[in-house]
Amino acid sequence: MPIYEYRCKECGKEFTKLVFRLNDEVECPHCKSKNVEKLISTISSISGGSGGSSCSGGPSGFS
């Protein structure tokens, strides 16, 4: 189940929401408005390392 980020078009607050179904209506937890927009968010991951970045040059050519 994905967690999406939203911004309320009424009060301007940003919030995250665990969405069970894509057609579920999302409501702002601050003002209860349903006039919200989904934000483009960055991908994050949890690693089992020492807390630092574990990126390596890899086959993609990015380092």
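Presented here is an overview of the structure given in this document. Remember, it's a predicted structure, so these values are computed and weren't measured experimentally.

## Overview of the side chain of Ser33
Okay, so step 1: For Ser33, the position within the fold is in the loop between β2 (14-18) and β3 (36-38).
Okay, so step 2: Among residues more than four places away in sequence, those in contact with Ser33 are Cys8, Glu10, Val26, Glu27 and Cys28.

## Some remarks on the pattern of salt bridges
Okay, so step 1: Applying the stated criterion to the full structure yields 5 salt bridges.
Okay, so step 2: The salt bridge involving Lys34 is made with Glu25; its shortest N-O contact spans 3.8 Å.
Okay, so step 3: Overall, Lys34 belongs to the partly exposed group, its relative accessible area being 47%.
Okay, so step 4: Residue class for Glu25 comes out exposed when judged on its relative accessible area of 61%.
Okay, so step 5: In the salt-bridge network here, residues are joined through shared partners; they are Arg7, Glu14 and Glu37.

## Details of the packing of aromatic side chains
Okay, so step 1: Following the criterion strictly, the structure yields 2 aromatic pairs and no others.
Okay, so step 2: Between Tyr4 and Tyr6, the aromatic rings sit 6.5 Å apart at their centres with planes inclined by 70°, giving edge-to-face as the arrangement.
Okay, so step 3: A relative accessible area of 22% means that Tyr4 is categorised as partly exposed.
Okay, so step 4: Overall, the relative accessible area of 7% leaves Tyr6 in the buried class.
Okay, so step 5: Between the aromatic rings of Tyr6 and Phe15, the centroid separation amounts to 5.7 Å while the plane-to-plane angle is 20°, which identifies the pairing as stacked. Neither Tyr6 nor Phe15 differs from the other in exposure class; each is buried.
Okay, so step 6: Here the guanidinium or amino end of Lys38 rests over the ring plane of Tyr4, the centre of that ring lying 4.0 Å away.

Cut-offs applied
Residues numbered from 1 in each chain as written. Predicted model: local features only at pLDDT ≥ 70, side-chain atom pairs only at ≥ 80, totals over all residues. Heavy atoms only, no water. Helix = DSSP H or I, 4+ residues; strand = E, 2+ residues; numbered from the N terminus. Contact = heavy atoms within 4.5 Å. Salt bridge = Lys/Arg side-chain N within 4 Å of Asp/Glu carboxyl O. Buried < 20%, exposed > 50% of the residue type's maximum accessible area, 1.4 Å probe, protein only. Phe/Tyr/Trp six-rings, centres within 6.5 Å; stacked < 30°, edge-to-face > 60°. Lys NZ or Arg CZ within 6 Å of the ring centre and 35° of its normal.

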